[in-house]
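Structure assessment
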Amino acid sequence: MSTHYFAGPEGCIRVQDAAPLLPDVAVLAPCWPHATEPLGVVANGFRVVHEASAWRFEDPDRAMPSLVFDEGLPASLGFVGALLWSAVAQDKVYACLHAGALDAADGMLVLVGDANAGKSTLSVAWAALGRRFVCDDRLVIRFDAAPAGIGMALTPKLRLPLPPAAPAAFRAFVAAREARRYEALTLVQLKPAEALAFGERRPLQALVLLDRDGVSPPHLEPAPQPDLLDALLEGGFAPRLDAVGRLQAFHGLAALPCLRLTYGDSFAAAALLADIFA
């Protein structure tokens, strides 16, 4: 049995039997501190279970979602998801949103939308413009008086082929940082200066609901708070909060400025956001 310890917001996460997944994790979460000795007090943990060609992750209280992952990159992505779950399970002030995020001048722009809304392309396009990337899929937040996002320095993933409208500069940016391909995905390993550092906190500036219609010039307009709240609740998790507490906490997030970004071209949309917020 192998034991590794990963950094968490309130203490370290003890993980058993993770050794076979660590080479992929080094690509997916290259800056997540870990060691074979405890990194301070142990706050919680889980074990990796490998049965035939299936992988799952189990915490002592059996509170972690019981999901099964295939061999290869899916198992490693599942492992990173288990780390995120464990990190935000350390205190009721933490949650993880299904969202992308950009580091703007006055804080984070939180990109909210479904799996096809364009969060990954938009967030990497932002980085290609010389702005700091935060995340493309999962954002860890802390419910302070002024809510803050926390950098986890996870590697963004882009679908292949890249959009036909992708500029040559963006294609070159991605090609120079491609760490690995898996089926129709490329993993884009950004340089340290191009992304928010692991553990770095920034206030949340605004919530941006993505509406990619494929044709419209990019434009921003106010978005109804209920639309943002519904999108936040879908796919977000806060293990230490019950249903009522989760609703109250996420409702507080929806009190931030709420915007809708309608766009057809991700690269024009990134440039618009940079012009307004960077």
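In this text the structure is predicted, and so the values were computed from the model without any measurement. Within each chain, residue numbers correspond to sequence positions counted from 1 in written order. Since the coordinates come from a predicted model, pLDDT governs what is reported: local features require at least 70, and pairs of side-chain atoms require 80 or more to be given and counted, while whole-chain, interface and lining totals use all residues. Hydrogens are left out, water is left out, and the side-chain values use all remaining heavy atoms of the structure.

Some words on the side chain of Glu58
Looking at where Glu58 falls in the secondary structure, it is placed in strand E5 (residues 54-58). Here Glu58 is in contact with Phe46, Arg47, Val49 and Met64, once residues within four sequence places are set aside. Secondary structure elements are taken from DSSP: a helix is a run of H or I of four residues or more, a strand is a run of E of two residues or more, and numbering for both begins at the N terminus. Contacts are assigned to residue pairs that have any heavy atoms within 4.5 Å of one another.

So, the environment of Ser53
The topology assignment puts Ser53 in the loop between strand E4 (42-51) and E5. The exposure class assigned to Ser53 is partly exposed, which follows from its relative accessible area of 46%. Spatially, the C-alpha atom of Ser53 lies 39 Å from that of Leu109, the residues being 56 residues apart in sequence. Think of it in three bands: residues with accessible area under 20% of the maximum for their type are buried, residues over 50% are exposed, and the middle band is partly exposed, with areas taken using a 1.4 Å probe on protein chains only.

Digging into the packing of aromatic side chains
Only Phe, Tyr and Trp rings are paired, with Trp represented by its six-membered ring, and only when their centres lie within 6.5 Å; those with planes under 30 degrees apart are stacked, over 60 edge-to-face, the remainder tilted. Under the defined criterion, the tally for this structure stands at 8 aromatic pairs. Here the aromatic residues Phe6, Phe46, Phe57, Phe69 and Phe79 are joined through ring pairs into a cluster of three or more. Both a distance and an angle decide whether a charge sits over a ring: NZ of Lys or CZ of Arg must be within 6 Å of the ring centre and within 35 degrees of the ring normal. Across from the ring centre of Phe250, 5.3 Å away, lies the NZ or CZ of Arg246, which sits over that ring.

Re unusual backbone geometry
At the junction of Leu160 and Pro161, the peptide bond is cis and its omega measures out at -5° in the coordinates. Tracing the backbone through its elements, the reader meets Pro161 in the loop between strand E12 (157-159) and helix H4 (168-177). Within the chain, Arg62 stands out as a residue other than glycine whose phi angle is a positive 55°. Here Arg62 lies in the loop between E5 and strand E6 (69-70). For Arg62, a relative accessible area of 61% translates into the label exposed. The phi dihedral of Glu183 is positive, around 50°, even though this residue is not glycine. Residue placement: Glu183 occurs in the loop between strand E13 (178-182) and strand E14 (185-188). Judged by relative accessible area, Glu183 falls into the exposed class, the value being 70%.

Side note on the layout of surface pockets
Cavities and pockets are found on a 1 Å grid laid over the protein atoms alone: a cavity is a set of points where a 1.4 Å probe fits but cannot escape, a pocket is an open set with protein on both sides within 12 Å along at least five of seven lines, and a lining residue has an atom within 4 Å of such a point. Grid points are joined across faces, edges and corners, and a volume is the space filled by probe spheres set on the points. There is about 1100 Å³ of room inside the largest pocket. As for the largest pocket, its lining consists of 38 residues, of which Leu77, His98, Asp137, Arg138 and Lys157 are closest to the centre. Elements with a contribution of two residues or more to the lining of the largest pocket: helix H2 (73-88), helix H3 (119-128) and E12. In terms of residue count, H2 provides more of the lining of the largest pocket than any other element does, 8 residues in total.

Regarding the sheet that holds E4
In any sheet, the strands associate via hydrogen bonds between backbone groups, in a parallel or an antiparallel arrangement. Strand order in the open sheet formed by 6 strands is E3-E1-E2-E4-E5-E6, with mixed pairing between adjacent strands. The outermost strands of the open sheet, each flanked by one partner alone, are strand E3 (34-35) and E6. At least two DSSP bridges between two strands are required for those strands to pair. Here strand E1 (residues 3-6) pairs with strand E2 (residues 12-16) via 4 bridges, running antiparallel. Directly across from Tyr5, in E2, lies its bridge partner Arg14. H2 contacts E1, E2, E4, E5 and E6 of the sheet and is inclined by roughly 160° relative to E4. Every angle, taken between N-to-C directions, lies between 0 and 180 degrees, and every axis is a line fitted to C-alpha atoms, over only the stretch in contact when it is a helix.

Overview of the sheet that holds E13
The 3 strands lie next to each other as E12-E14-E13, forming an open sheet whose pairing is antiparallel. The open sheet terminates on both sides in strands that have one partner only, identified here as E12 and E13. Pairwise comparison of adjacent strand axes, ignoring direction, gives a mean angle of 25° for this sheet. Bridge count between E13 and E14: 4 bridges; the pairing is antiparallel. Bridging from a neighbouring strand, Tyr182 pairs with Leu185 of E14. Those strands touched by H4 are E12, E13 and E14, and its axis lies near 85° from that of E13.

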